[in-house]
Amino acid sequence: MIKQPPYLKKGDKIALVCPAKKLPKPIDHAIEILKSWGLEVIIGDSVYASHHQFAGSDHLRTKDIQRFLDDPSIKAIISGRGGYGAIRIIDNLDFTEFNKNPKWFVGFSDITVLLSHLIAQSHTQCLHAQMPYTFDESTAEALISLQNALFGEKQEYNYQSTFKNRVGETNGILIGGNLTLLAMMQGSVSEMDFTDKILFLEDVGEHEYSIDRMLRMLKRAGKLKHLKGLIVGAFNEIAEEKISFGQTADEVIWEIVKEYDYPVCFNFPTGHIENNLCMTLGAEVALNVETNNVQFKYL
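In this report, the structure presented in the accompanying data block is examined. Nothing here was measured: the structure is a model prediction, and the numbers come from that model. (Residues numbered from 1 in each chain as written. Predicted model: local features only at pLDDT ≥ 70, side-chain atom pairs only at ≥ 80, totals over all residues. Heavy atoms only, no water.)

### Brief notes about the pairing of strand 2 (residues 40–43)
Side chains on a regular strand alternate between the two faces of the sheet.
Then, number 1: Looking at chain direction, strand 1 (residues 13–17) and strand 2 are connected through four bridges and run parallel. By the bridge assignment, Ile14 is partnered in strand 2 with Val41.
Then, number 2: For the crossover from strand 1 across helix 1 (residues 28–36) to strand 2, the handedness is right-handed. (Pairing = 2+ DSSP bridges. Helix = DSSP H or I, 4+ residues; strand = E, 2+ residues; numbered from the N terminus. Right-handed = clockwise from strand over helix to strand, strands pointing away.)

### Description of a nonpolar patch on the surface
Then, number 1: On the surface, Tyr84, Ile87 and Met184 cluster together to form a nonpolar patch covering roughly 270 Å² of accessible area.
Then, number 2: Examined against the element boundaries, Met184 turns out to sit in helix 7 (residues 179–185). (Patch = residues over 30% accessible without salt bridge, like charges linked within 9 Å, V, L, I, M, F, W, Y side chains within 5 Å. Areas by Shrake-Rupley, 256 points an atom, 1.4 Å probe, with all protein chains shown as cover. Salt bridge = Lys/Arg side-chain N within 4 Å of Asp/Glu carboxyl O.)

### Details of the pairing of strand 12 (residues 284–289)
Then, number 1: Pairing analysis gives six bridges linking strand 7 (residues 168–178) to strand 12, with the strands arranged antiparallel. Its bridge partner lying in strand 12, Glu169 is registered against Asn288.
Then, number 2: With five bridges joining them, strand 12 and strand 13 (residues 293–298) adopt antiparallel strand pairing. Each residue of the ladder has a partner; that of Ala286, found in strand 13, is Lys297.
Then, number 3: The antiparallel hairpin formed by strand 12 and strand 13 contains three residues in its connecting segment.

### A closer look at the pattern of salt bridges
Pairing is possible between side chains of opposite charge, provided their charged atoms come close.
Then, number 1: Applying the stated criterion across every chain yields a total of 12 salt bridges.
Then, number 2: Among the ionic pairs, Lys25 bridges to Asp136, the shortest N-O distance being 3.8 Å. Taken as a pair, Lys25 in the loop between strand 1 and helix 1 and Asp136 in the loop between helix 5 (132–135) and helix 6 (140–151) lie far apart in primary sequence, 111 residues in all.
Then, number 3: In this structure Asp136 comes out as partly exposed when scored by relative accessible area, which is 43%.
Then, number 4: Three or more residues are tied together by salt bridges with common partners; here these are Lys25, Asp136 and Glu137. (Buried < 20%, exposed > 50% of the residue type's maximum accessible area, 1.4 Å probe, protein only.)

### Concerning the nonpolar core
Then, number 1: In this structure, Leu224, Leu230, Ile231 and Phe296 are the most contacted members of the largest nonpolar core, which totals 98 residues.
Then, number 2: Beyond its immediate chain neighbours, meaning those up to four positions away, Ile231 contacts Leu174, Ile198, Leu199, Phe200, Leu201, Cys265, Phe268, Met279, Leu287 and Phe296. (Core = buried A, V, L, I, M, F, W, Y, C linked by side-chain atoms within 4.5 Å. Contact = heavy atoms within 4.5 Å.)

Everything listed here is a matter of geometry and, on its own, says nothing about what the molecule does.
Right, dumping it as structure tokens:
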């Protein structure tokens, strides 16, 4: 059973941390947006820290996150940005107090490490959503979807895909995140259970061959065979190669999963894009996929 943390209410305290890479710019505007939602924002020591590429040393980042995991007055922890670094500290975090008083953890990209761990080990819902670093480029819709998720407003997403979907209807528990990080979690205590789940994937800045390799690894490990559905988000900023791979990212994914019979939708608005809609990992959702139309609803 995957637990749902208490929804936020006005006046609640939330914490901002940077579990991975350091911030290259201030996030004052994002902080003001969070405050406008009626929240009291506590700034962690890692937010403006710097240690080479990272938001402070591994020890500082670990200590900062641990402080808020243990503090029952903090109702949500929001990652300032991703980058790289969460995998360096995940095994030094103690979730004992968090498990007694679950709270929302928010982020995407490299933060998939923490989200995957929370699903795998704490069996607690968490949010794949815009982070303060990306607030300035975000659509209003994406920010509202994060606000609604935190405050318990039921949501439904409808869109049209440009790549032909595999039609079907399904219900199930939602898991997923950044493909690279999900692949890196395989074989570790932070690996999510893929069986009978609706999986969503996204990535940025990868070569087509790298996407192909990671998905084939997941397929060989049996992770793609027993899904209830597959949601393909944004695979953007594909790294250019001197010799073409011969397939787009969507074509790569379709070739790898075409033998299965679950619904598959493409071009879903999640990932390293402006309209990065909030995805609640561990929540039960309904997915209705037509050839180009997609309806996604939280149950």
